[in-house]
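Okay, here's what each chain looks like letter by letter:
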Amino acid sequence: MAILIRQSDGYHGWPEAAPFDRIVIPAAPPEVPQALLGQLKPAGRLVAPVGDSIFSQELVVIDKFTDGSLRGGRLRRWRSCRWCMRRTDAQESLL
């Protein structure tokens, strides 16, 4: 079994290395990025804290079944650091 780790803006995942058995997101995005769900293998699992602020997060687990369907749920309230996306030049020019 190999464990792959990548440090980057993970919002779009790592399509070059997909599909993955497991995806663990340590920082809380406002919602689970669809790109990451697409990079799960059948019978894969994604675990992530999700929420708009540190005070409104929940731990989410999503399973992908062999037919490609997804099922998941919110397990409990959670607190994690917020997801920070890198700014592009276009975003910085708006500031």
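Preceding this section is the structure that the text describes.
The rules we used
- Residues numbered from 1 in each chain as written.
- Predicted model: local features only at pLDDT ≥ 70, side-chain atom pairs only at ≥ 80, totals over all residues.
- Heavy atoms only, no water.
- Phe/Tyr/Trp six-rings, centres within 6.5 Å; stacked < 30°, edge-to-face > 60°.
- Buried < 20%, exposed > 50% of the residue type's maximum accessible area, 1.4 Å probe, protein only.
- Salt bridge = Lys/Arg side-chain N within 4 Å of Asp/Glu carboxyl O.
- Helix = DSSP H or I, 4+ residues; strand = E, 2+ residues; numbered from the N terminus.

A. Inspection of the packing of aromatic side chains at higher detail. Tallying each qualifying case throughout the model produces one aromatic pair. Ring geometry for Trp14 and Phe20: centres 6.3 Å apart, planes at 35°, overall tilted. Under the relative-accessibility criterion, Trp14 is labelled partly exposed at 24%. Assessed through its relative accessible area of 15%, Phe20 is described here as buried.

B. Broad picture of the pattern of salt bridges. Throughout the structure, instances matching the rule amount to two salt bridges. With its nearest N and O atoms 3.5 Å apart, the salt bridge here joins Asp21 to Lys41. Here Asp21, found in strand β1 (residues 20-24), pairs with Lys41, found in strand β2 (residues 40-50); they are 20 residues apart in sequence, far enough to count as distant. Overall, the relative accessible area of 44% leaves Asp21 in the partly exposed class. The exposure class of Lys41 is partly exposed, given its relative accessible area of 31%. With a shortest N-O distance of 2.6 Å, Arg45 and Asp63 are connected by a salt bridge.

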